[in-house]
Amino acid sequence: MSARQRRARSAPAERVPGELEHLDPLETDELEADSESSSFPLRSFSLLVWSARHDNDWVTIVCEQPDGTFAVIAAPVTARNVTPDDIATTAGIGKVTAEQTLREKSGHAHCSPACEAWQERRELVMVAR
Ligand SMILES: [Zn+2]
């Protein structure tokens, strides 16, 4: 009855070993002036970071990114290898999102007088490319 002529006939083409070897890690032509003496192409960014420590030993963080977005993090202060919980388009949205995330992840329903207000600082970040 049903004559399906379409068959999943996927014969993967063989990869030739060595074909990916044109990668040139020292292609630094686009580099700008002040790094002539360095063999590591880096760009530096002055980025804003907001953080607040809470009475349950969690911290909320909003980090400006080189692309103009804001990474949102809520994590225990002892956490290692923290990854962003969200990406926000403005710092204000980021702070609200961080507080919501804190509530959801840690059960921190309300801030108390023992919770810090948001602290703002500026950090110089070097990004390899
Ligand atoms: Zn709090």
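Residues numbered from 1 in each chain as written. Predicted model: local features only at pLDDT ≥ 70, side-chain atom pairs only at ≥ 80, totals over all residues.

Draft legend 1. Here's a closer look at the environment of E123. Following the sequence through the fold, E123 ends up in strand 5 (residues 119-128). Sequence spacing of E123 and F45 is 78 residues, and the spatial spacing of their C-alpha atoms is 8.0 Å. Residues contacting E123, with those up to four places away along its chain left out, are L47 and V49. (Helix = DSSP H or I, 4+ residues; strand = E, 2+ residues; numbered from the N terminus. Contact = placed C-beta atoms within 7 Å.)

Draft legend 2. Here's a closer look at the nonpolar core. Judged by nonpolar contacts, A52, W58, V59, I61, V62, F70, V72, I73, A74, A75, A98 and L102 together constitute the single largest core of twelve residues. Within the residue set of this core, elements represented by two or more residues are strand 2 (58-64), strand 3 (70-76) and helix 1 (91-106). The greatest single-element share of this core, amounting to five residues, is contributed by strand 3. (Core = buried A, V, L, I, M, F, W, Y, C linked by C-beta atoms within 7 Å. Buried ≥ 20, exposed ≤ 12 C-beta atoms within 10 Å, placed from the backbone.)

Draft legend 3. Inspection of the pairing of strand 3 at higher detail. The buried fraction of strand 3 amounts to five of the seven residues, a majority that puts the element mostly inside the structure. Relative to strand 3, strand 2 runs antiparallel, the two sharing seven bridges. From the neighbouring strand, W58 faces strand 3, where its bridge partner is P76. Taking the residues between adjacent antiparallel strands as the criterion, strand 2 and strand 3 are bridged by five residues, where G68 takes a positive phi near 90°. Bridge analysis of strand 3 against strand 4 (residues 86-88) gives three bridges, and the strand direction is antiparallel. Opposite A71, over in strand 4, you have I87 as the bridge partner. (Pairing = 2+ DSSP bridges.)

Draft legend 4. Here's a closer look at unusual backbone geometry. Within the chain, D57 stands out as a residue other than glycine whose phi angle is a positive 65°. Note that D57 resides in the loop between strand 1 (42-53) and strand 2. We note that N81 has phi near 50°; this positive angle belongs to a residue other than glycine. By the secondary structure assignment, N81 is in the loop between strand 3 and strand 4.

Draft legend 5. View of the environment of R53. Mapped onto the elements of the fold, R53 is located in strand 1. For the pair R53 and A74, spaced 21 residues apart in the sequence, the C-alpha separation amounts to 9.8 Å. Those residues in contact with R53 that lie beyond four places of it in its chain are V59, V77 and E116.

Draft legend 6. Inspection of the sheet that holds strand 1 at higher detail. Spatial strand order, 4-3-2-1-5: five strands in an open sheet with antiparallel pairing. Bordering the open sheet on either side are strand 4 and strand 5, each of which pairs with just one other strand. Geometrically, the sheet is characterised by an average inter-axis angle of 30° between neighbouring strands, direction not taken into account. The strands that helix 1 touches are strand 1, strand 2, strand 3 and strand 4; relative to strand 3, the one it contacts most, it runs at about 25°. (Axes fitted to C-alpha atoms, helices over the stretch in contact; angles between N-to-C directions.)

Draft legend 7. Molecular detail of the environment of G107. With respect to the element layout, G107 can be found in the loop between helix 1 and strand 5. In this structure G107 comes out as exposed when scored by C-beta crowding, with 9 C-beta atoms within 10 Å. Put simply, G107 and N56 are 51 residues apart on the chain and 9.4 Å apart in space, counted from C-alpha to C-alpha.

In short, geometric facts, not functional conclusions.
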